[in-house]
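Listed here are the chains, written in short residue letters.
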Amino acid sequence: MGASVIDTRGLTKRYRGGQLAVDGLDLTVPAGSVFGFLGPNGSGKTTTIRMLMGLIQPTSGTARVLGHPMPRASRAVLPHVGALIEGPALYGFLSGRDNLLRYDAADPVADPRTRRARVEAALERVGLAAAAAKKAKAYSLGMKQRLGLAAALLQPRELLVLDEPTNGLDPQGMREIRTLVRELAGDGTTVFLSSHLLDEIEQVCTHAAVMTQGRLIAQGAVADLAAGARGRLVVTTPDPGEAARVLKEQGVADVVAAEDRVTGEPPERDLAEVNAALVTAGVRVRGFVVERASLEDAFVALTGEGFDVAG
Ligand SMILES: Nc1ncnc2c1ncn2[C@@H]1O[C@H](COP(=O)(O)OP(=O)(O)OP(=O)(O)O)[C@@H](O)[C@H]1O
């Protein structure tokens, strides 16, 4: 296997109605990464995932998964990929364990002799061993999502593809899934997950790609993406009005004063001089720092607008 687990070139999907859902995507997902596929609703994430999994044909461009072309090599590739797309299909009247037994029995490449052991291991893996005998309809949404993950983990996988795995979950359910994703990645599985939540990607992922309107606007290590954006200068002071005036004079752009915090874009010049100017003007400075840029800062810098999750 090469260094990338997913590789697309010019991947494009135009739906029959004429909607250009994915537009010339060049995506590279390094092996071993937890890769966040970030974009607002409708930006083309699910369409991309469906092309990667060979569920729909691209209009143009190519996609390689685990080194093989998709959808042509679906049969060779998909047994090595665990996928959770659009929520798991569960039988409510069956227990969690029986759901997995049934799911595994429907898999032509699954070995029936190891079925019970693999089901127990998967239940254990996602923390459902104690609730395995309960009917699935009595499960919380988070437990259902974990059962879906267990189904994806019945076989050893090189790649896990999770489409919005925390969508609709309460904060506790979200935490459980995020912890699980980190653990799975710790085992060496490459995890590709889509999300419209910036902070989720920042908390869980090593790498990310950012989509808007079917186009990729950035990809790389999360730390590098954030570093590409400049952090904000934050001055803590009981004299915010005066501080804001001096900072503007010193070339600080986009100055925002709120209570005892005045923030702005750091200027090119030496920050020691900016600080000295504040003090000379009689501003009482309690704190003077440049806060590390977040992925959100990077997004705003790239698009010139806020991260809009409406839709
Ligand atoms: N089967 C389809 N036929 C026509 N247009 C579609 C189809 N599926 C999706 N689209 C359109 O393609 C665009 C991208 O949709 P897609 O579902 O890939 O985005 P997404 O980023 O996954 O959003 P969401 O998180 O809401 O699923 C949207 O404008 C959507 O309306």
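Residues numbered from 1 in each chain as written. Predicted model: local features only at pLDDT ≥ 70, side-chain atom pairs only at ≥ 80, totals over all residues.

K.L.:
Outline the site of the ligand, listing residues and values.
P.N.:
Taken together, 13 residues are adjacent to the ligand, and Tyr15, Ala21, Lys45, Thr46 and Thr47 come closest. Broken down by element, the residue count for the shell around the ligand peaks at three residues, all from helix α1 (residues 45–52). Split into classes, the residues belonging to the shell around the ligand amount to two nonpolar, ten polar and one charged. (Near = placed C-beta within 6 Å. Helix = DSSP H or I, 4+ residues; strand = E, 2+ residues; numbered from the N terminus. Nonpolar A, V, L, I, M, F, W, Y, C, P; charged D, E, K, R; others polar.)

K.L.:
If you had to explain the sheet that holds strand β9 (residues 190–195) to someone new, which residues and values would you point to?
P.N.:
If you trace the six strands from one edge of the open sheet to the other, you get β7-β8-β9-β4-β10-β11, paired in mixed fashion. For this open sheet the edge positions go to β7 (81–84) and β11 (215–221), each flanked by a neighbour on one side alone. The sheet shows a mean angle of 15° between the axes of neighbouring strands, direction not considered. The pairing of strand β10 (residues 207–212) with β11 spans six bridges and is antiparallel. The residue of β11 that forms the bridge with Val210 is Ala218. The strands touched by α1 within the sheet are β4 (34–38), β8 (159–163), β9 and β10, with β8 carrying the most contacts at an inclination of about 150°. Along the sheet face, helix α6 (residues 171–186) touches β4, β8 and β9 and points at about 155° away from the line of β9. (Pairing = 2+ DSSP bridges. Axes fitted to C-alpha atoms, helices over the stretch in contact; angles between N-to-C directions. Contact = placed C-beta atoms within 7 Å.)

K.L.:
Break down the nonpolar core for me, with residues and values.
P.N.:
Leu52, Ala150, Val161, Val191, Phe192 and Ala208 are the most contacted members of the largest nonpolar core, which totals 66 residues. Excluding its chain neighbours within four sequence positions, the residues that come into contact with Phe192 are Ile6, Val29, Phe35, Phe37, Leu159 and Val161. Core analysis: the second largest hydrophobic core is formed by eleven residues, Val235, Ala244, Val274 and Leu278 among them. (Core = buried A, V, L, I, M, F, W, Y, C linked by C-beta atoms within 7 Å. Buried ≥ 20, exposed ≤ 12 C-beta atoms within 10 Å, placed from the backbone.)

K.L.:
So what's going on with the sheet that holds strand β13 (residues 253–258)? Which residues, and what values?
P.N.:
The four strands lie next to each other as β13-β14-β12-β15, forming an open sheet whose pairing is antiparallel. Each end of this open sheet is capped by a strand with a single partner; those strands are β13 and β15 (287–290). Along the sheet, successive strands turn relative to each other by an average axial angle of 15°, direction set aside. Bridge count between β13 and strand β14 (residues 261–265): four bridges; the pairing is antiparallel. In the strand pairing of β14, Ala253 is matched with Glu265. Contacts between helix α9 (residues 240–249) and the sheet are confined to β12 (233–236), β13 and β14, with β13 contributing the most and set at about 175° to the helix.

K.L.:
Please set out the domain arrangement of the protein residue by residue, giving values where relevant.
P.N.:
According to the domain assignment, the protein contains domain 1 (4–228) and domain 2 (233–291). Taking only C-alpha atoms into account, the centre of domain 1 sits 45 Å from that of domain 2. (Domains from an automatic or database assignment.)

K.L.:
Requested: an account of α1, with residues and values cited.
P.N.:
Burial within α1 is extensive, with eight of its eight residues counted as buried. Restricting attention to buried positions, one finds in α1 the residues Lys45, Thr46, Thr47, Thr48, Ile49, Arg50, Met51 and Leu52. Looking at the residues trailing α1, positive phi occurs at Gly54, about 70°.

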